[in-house]
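Chain by chain, the residues run as shown.
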Amino acid sequence: MSPRRRHAGSARRAAARDASRSGDVDTNVTVRRVERDDLYVRVNTIGDTGERPFVLVPGIGVSSDYFERLAPNLNEFGPVHALDLPGFAGVPHPGHALTIREYADLVGTAIDELGLDDPVVVGHSMGTQIVVDLAARRPDLSTVVLIGPVIDPAHRHVLDQAVRFARAAWHEPGRVKFLALSAYVLCGVRWFSRILPKMMTYPIEQHLPQIAADTLVIRGEHDAVAPREWVRRVGELLPSSRLWEMPGAAHSVMHAHAEEVAKLCVEHAQQPIRHDEGDELHHYVDAGDGDESDDFSPSPADFVKAVGARLRSTAATMRGDDEALAKAKTDHAESMQAAFDRRQAEKAAAGADPDDGPHIEPTTRDSRR
């Protein structure tokens with residue numbers, strides 16, 4: 001591992017960043033469908049302005065809710081489109097199990113139909129396979145982020161991966177475990193078991209060298225699914241990459257450490273790679289401990305609103321009611337923002353310094369390669 005790198009920042013800048021987020025934050029979520037043949041992708045969008053759009057692709061069995069904390073942080077930089085794929089999150093699936101290539105083609109269609117110009121494409125877990133397959137065939141995509149890339153070819157066995165997943169899950173926050181369990185129930189054992197072999201056998205190592213995009217790879221310290229030696233190998237295979245490890249995090253690093261991951265993603269988009277950095281695995285020294293209580297302080301009303309919104313979201317998903325789903329997701333985002341604002345006010349009243357971290361400076365579109 002390379003010498004540990006500390007992000008530069010100041011208490012004044014961090015305070016300004018938190019104050020900005022506590023101000024005019026877009027919590028409105030829109031939901032639409034992008035169709036391809038007899039399939040469709042559900043697109044959950046927050047924000048409509050900014051420098052650069054993001055497209056978020058979740059892993060096997062789970063929904064876009066996995067990005068519920070990352071999306072608002074990214075939205076400070078540009079609009080965020082989180083996808084729900086066929087067979088997951090209540091989106092109907094076809095009679096046959098989709099391949100990684102078919103999922104990638106659907107994501108490509110969503111990018112084109114939404115009219116996105118060179119978005120930052122972010123994949124997590126199996127979503128990294130989908131993003132890799134797409135980016136290897138789309139040289140127009142200049143910026144890619146892979147979070148917890150799978151599968152390490154040295155451990156391409158279901159039992160081995162199950163053990164590794166359990167080891168990583170031990171270090172996940174309770175909320176991530178809840179999101180995963182509820183998503184797997186909605187997905188169903190049958191569809192999950194039909195897609196699992198596609199994920200296990202996808203030769204990601206063969207496609208990584210074909211990616212022309214600058215690629216950021218992020219893993220959690222306790223991510224046994226994407227072990228350190230495998231991430232190093234990913235960096236070696238990618239023509240243009242930079243690698244980061246988040247201390248204290250596990251496989252779903254983008255949830256408990258959403259702010260840190262968002263900073264890395266934005267800085268990656270702002271700073272094209274001039275010389276390949278994939279030979280060094282950087283360690284994020286100033287990462288938080290992943291304790292949500294340090295970021296959120298929900299009132300009883302916030303809690304009731306959030307729980308009610310989650311229940312309505314599930315019901316709307318099962319009915320296929322996108323309008324009701326958008327309203328429920330918006331209400332949930334509003335409750336989370338209210339809890340965040342309250343926590344920041346409590347910190348200010350106690351005289352505590354807000355979390356320090358890298359300052360995101362705005363850039364112009366011309367600065368992108």
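Rules of the game
Residues numbered from 1 in each chain as written. Predicted model: local features only at pLDDT ≥ 70, side-chain atom pairs only at ≥ 80, totals over all residues. Heavy atoms only, no water. Helix = DSSP H or I, 4+ residues; strand = E, 2+ residues; numbered from the N terminus. Buried < 20%, exposed > 50% of the residue type's maximum accessible area, 1.4 Å probe, protein only. Contact = heavy atoms within 4.5 Å. Areas by Shrake-Rupley, 256 points an atom, 1.4 Å probe, with all protein chains shown as cover. Pairing = 2+ DSSP bridges. Axes fitted to C-alpha atoms, helices over the stretch in contact; angles between N-to-C directions. Phe/Tyr/Trp six-rings, centres within 6.5 Å; stacked < 30°, edge-to-face > 60°. Expected span 1.5 Å × (residues − 1). Core = buried A, V, L, I, M, F, W, Y, C linked by side-chain atoms within 4.5 Å.

### Quick look at the overall build of the protein chain
Secondary structure assignment for the protein chain yields 13 helices and nine strands. Counting only residues that meet the buried cut, the protein chain has 58% of its 369 residues in that class. Pairs at least 24 apart in sequence give 81% of the contacts found in the protein chain among residues at least 6 apart. Summing over all exposed atoms, the protein chain offers an accessible surface of approximately 15,500 Å²; the carbon and sulfur share of this is 54%.

### Quick word on the sheet that holds strand β8 (residues 241–246)
Strand order in this open sheet of nine strands is β1-β2-β4-β3-β5-β6-β7-β8-β9, and the pairing throughout is mixed. Edge strands, defined here as strands with exactly one partner in the open sheet, are β1 (29–36) and β9 (281–283). Across the sheet, the axes of successive neighbouring strands diverge by a mean angle of 25°, strand direction being ignored. Summarising the sheet, strand β5 (residues 120–124) and strand β6 (residues 143–147) pair through four bridges and their orientation is parallel. Bridge pairing in β6 links valine 122 to valine 145. Each of β3 (54–57), β5 and β6 is contacted by helix α4 (residues 126–135), which is oriented at about 140° to β5, the strand it contacts most.

### What to know about the packing of aromatic side chains
By the definition in use, this model includes four aromatic pairs. Ring centres of phenylalanine 54 and phenylalanine 77 lie 6.0 Å apart, and the angle between their planes is 65°; on these two criteria the pair is classed as edge-to-face. Placement of the pair is phenylalanine 54 in strand β3 and phenylalanine 77 in the loop between α2 (70–74) and β4 (80–84), with a sequence separation of 23 residues. According to the relative accessible area criterion, phenylalanine 77 is buried, its value standing at 7%.

### A look at unusual backbone geometry
A cis amide bond links valine 150 with the next residue in sequence, isoleucine 151, at an omega value of 0°. Note that isoleucine 151 resides in the loop between β6 and α5 (158–169). Despite not being glycine, aspartate 37 has its phi angle at roughly 55°, a positive value. Counting through the fold element by element, aspartate 37 comes out in the loop between β1 and β2 (39–46). Among the residues examined, aspartate 37 registers a relative accessible area of 74% and is labelled exposed. Positive phi values are uncommon outside glycine, yet aspartate 118 reaches one of about 50°.

### Description of the environment of threonine 99
By the element assignment, threonine 99 lies in the loop between β4 and α3 (100–113). Once the C-alpha coordinates of threonine 99 and arginine 194 are considered, the two residues, 95 residues apart in sequence, prove to be 10.0 Å apart.

### Observations regarding helix α11 (residues 258–270)
Helix length check: α11, at 13 residues, gives a terminal C-alpha distance of 18 Å against a target of 18 Å (1.5 Å per residue), a fit within 8%. Burial analysis of α11 places 13 of its 13 residues in the buried class, which makes it a mostly covered element.

### Some thoughts on the nonpolar core
With 56 residues, the main nonpolar core has Leu85, Phe88, Tyr103, Met126, Ile130 and Leu208 as its most contacted residues. For this core, the secondary structure elements donating two or more residues are β2, β3, α3, α4, β6, α7 (189–201) and α9 (228–237). Take this core: its biggest share by element is seven residues, from α3. If sequence neighbours within four positions are ignored, methionine 126 has contacts with Gly59, Ile60, Phe88, Ile100, Tyr103, Val150, Ile195 and Met199. Core analysis: the second largest hydrophobic core is formed by 35 residues, Leu56, Val62, Val120 and Val261 among them.

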